[in-house]
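Okay, here's what each chain looks like letter by letter:
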Amino acid sequence: MKLTGSAVVLLRVFCCYVIVACVVAGGRKIKGNKDDHGRRMKDDHVISSVFTLFHGGEDTCTLELTQLHSLASCGFNSSNPLIIITHGWSVNGQMESWVMRLASVLKTQLKEVNVVITDWLLLAHDHYTTAVQRTRTVGKDIAHLVQTLEGHYNYPYRNVHLIGYSLGAHISGFAGSYLAGPEKIGRITGLDPAGPLFEGMSASERLSPDDAEFVDAIHTFTHERMGLSVGIKQPVAHYDFYPNGGDFQPGCALRHIYHHISQHGLLGFQQTVKCAHERSVDLFIDSLLHDDKQSTGYGCWSHSAFVKGLCLDCRKNRCNKLGYNIRKVHTGTSRKLYLKTGRQMPYKLFHYQFKIQLVNQTERAKPALTISITGTNEESGDIPISFNEEFYRRKTYTFLITLDRDLGELMMLRMQWEAQPTWTNMWDRVKTMMPWCTQGNSPLLTVGRVSIKAGDTQRRVSFCAMTEEEQQVEVNKSIVFVRCKEETKKKREDK
């Protein structure tokens, strides 16, 4: 569909409004009114939030901090860790459906854990700027809850894990900052921390690594092409994960907006925004449900360098597991980690660094290759690789390959040079008109060593042609590479 200039302007204006006005929606309705949300603690702190202890299904119990016996009667177990889930801004005064889903998965998978839900809908159901101004108040509420537990049960701060989504991520950060001292909150996880009014702010004005002993964040909607970003782009944690660059997620791109509109009407805009924003929650839940398929993030200086395959080295804590089972390694500065994910759960993709060495190349060419990798588990199928530059000299090129399955130990590589249609047609005409000139003179690529490194195992395997003559690849012809002799010898010695 091609839009006119005025239609494009209207679409951008409407999308900007939707992004700022419709970030979250869906779930159960809040009961009560604004006159009953100010319950006063003994120290005269007005509690603006409702805390409920989650047991499973729809079974929850409200914690009354002014009545400490409610902690025991609700079933709080001071011997178990505590996870506090905090939602974000609300347009319609409803709790997002993901909150109970995350609480249920945490309780089911971890079992021996206290799961508490922070309900601040009465403050969140307002203009976005007003909700932002109230985030510190909610952060103080959470801090008072933790202080109450510490005073009543001698409950250590390090046993507390705060999980906040969008504005809830910064609320969790403020809660941690209020409790900063000799002992800090154990962990804070920011699920696509909100961007508007937080982007570019100092560490004291947003979630930051100083707010807990360990802070991790998952950025899934830092899209800025329309001048706005729902999620914050800058790093705010010890480890900041940017799945698919932190931009639109697979299945959530704006090109699907017409499909969403056909299904949901004008709410289709909202569905498109929610899809990418809430993918951070889905990825975290995925890490709990599929602990045998943990997604790994790889440290890199930029997303563009990562997609070129330049960053798949896990030495010196450059890599980490995304989600609940992250390794809590303390770093001096924030580390930006990148990875690619699939469209649906389980989201894990297997990352491979592919390096191809071209030697003695005298003819200029800009080829497209198709490779197929055979492993001990299965084959990859055909993988297209395109070169963005013309080459004619000795050089090694690097690419990133992602697959939805583990190939196992890599054993063999097949490669074919797919000529461009225009070049193929021209070469066919030359052969037709002057067949005597083409024998032995077809275009060739001379391939040296090919190496593939698996991100998960960090093992690199080198492949070589079986003979020097077989190093040369002709247009529309395929050749087979096997593990180099030193690789085969090393494999035998390892046995």
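Provided above is the structure to which this section pertains.
What counts and how
- Residues numbered from 1 in each chain as written.
- Predicted model: local features only at pLDDT ≥ 70, side-chain atom pairs only at ≥ 80, totals over all residues.
- Heavy atoms only, no water.
- Helix = DSSP H or I, 4+ residues; strand = E, 2+ residues; numbered from the N terminus.
- Buried < 20%, exposed > 50% of the residue type's maximum accessible area, 1.4 Å probe, protein only.
- Contact = heavy atoms within 4.5 Å.
- Areas by Shrake-Rupley, 256 points an atom, 1.4 Å probe, with all protein chains shown as cover.
- Patch = residues over 30% accessible without salt bridge, like charges linked within 9 Å, V, L, I, M, F, W, Y side chains within 5 Å.
- Salt bridge = Lys/Arg side-chain N within 4 Å of Asp/Glu carboxyl O.
- Disulfide = S-S within 2.5 Å.
- 1 Å grid on protein atoms, 1.4 Å probe; cavity = no way out; pocket = protein on both sides within 12 Å on 5 of 7 lines; lining within 4 Å.
- Points joined across faces, edges and corners; volume = space filled by probe spheres on them.
- Pairing = 2+ DSSP bridges.
- Phe/Tyr/Trp six-rings, centres within 6.5 Å; stacked < 30°, edge-to-face > 60°.

**Q** Help me out: how do you make sense of the overall build of the protein in this one?
**A** When its secondary structure is counted, the protein shows 14 helices and 22 strands. With 495 residues in all, the protein has 51% of them scored as buried. Taking all contacts inside the protein whose residues are at least 6 apart in sequence as the whole, residues at least 24 apart take part in 74%. If you sum the accessible surface of the protein, you get close to 23,200 Å²; carbon and sulfur atoms cover 50% of it.

**Q** Just checking my understanding: could you explain a nonpolar patch on the surface for this structure?
**A** The grouping of Met412, Met466 and Val480 at the surface amounts to a nonpolar patch, some 250 Å² of accessible area in total. For Met466, a relative accessible area of 51% corresponds to the exposed category.

**Q** Where do I start with the state of the cysteines in this structure?
**A** A covalent bond between the sulfur atoms of two cysteines is what we call a disulfide. Tallied over the full model, the rule gives five disulfides. Two residues share a disulfide in this structure: Cys314 and Cys319, whose sulfurs sit 2.1 Å from each other. Residues Cys314 and Cys319 are joined through a disulfide that is left-handed, its torsion about the S-S bond being -95 degrees.

**Q** What should I look at first to understand the environment of Gly93 in this one?
**A** Checked against the element boundaries, Gly93 lands in the loop between strand E5 (82-86) and helix H3 (97-110). Expressed as a C-alpha distance, the spacing of Gly93 and His125, which sit 32 residues apart in the sequence, is 5.0 Å.

**Q** What is the right way to look at the layout of surface pockets in this model?
**A** Any space left empty among the atoms is revealed by the rolling of a water-sized probe across them. Its boundaries defined by the atoms lining it, the largest pocket holds a volume of some 360 Å³. Lining the largest pocket are 14 residues, with Lys308, Ser386, Asn388, Thr398 and Phe399 positioned closest to its centre. Ranked by residues supplied to the lining of the largest pocket, first place goes to strand E17 (residues 395-403) with six residues.

**Q** Would you mind going over the side chain of His87 with me for this structure?
**A** The residue His87 is located in the loop between E5 and H3 in this model. The exposure class assigned to His87 is buried, which follows from its relative accessible area of 1%. When neighbours within four sequence positions are excluded, His87 is seen to be in contact with Met95, Glu96, Trp98, Val99, Thr118, Asp119, Trp120, Leu121, Ala124, Tyr165 and Gly168.

**Q** Explain the pairing of strand E22 (residues 478-483) here, please?
**A** Looking along a regular strand, one sees the side chains alternate between the two faces of the sheet. As defined by bridge partners, strand E18 (residues 410-418) adjoins E22 across five bridges and the pair is classed as antiparallel. In the sheet register, Met415 faces E22, and the bridge partner there is Ile479. Looking at chain direction, strand E20 (residues 460-465) and E22 are connected through three bridges and run antiparallel. Across the sheet, residue Ala465 finds its bridge partner in E22, namely Phe481.

**Q** Can you help me understand the packing of aromatic side chains in this one?
**A** Tallied over the full model, the rule gives eleven aromatic pairs. On the numbers, 5.6 Å between centres and 65 degrees between planes, the contact of Phe76 with Tyr155 is edge-to-face. In this pair, Phe76 is assigned in the loop between helix H2 (69-74) and E5 and Tyr155 in the loop between helix H6 (135-153) and strand E7 (160-165), connecting sequence segments 79 residues apart. Both rings, one in Phe214 and one in Tyr239, keep their centres 6.2 Å apart while their planes meet at 40 degrees; by these two values the pair is tilted. With Phe214 in strand E9 (residues 214-218) and Tyr239 in strand E10 (residues 239-243), this residue pair connects regions lying 25 residues apart in the sequence.

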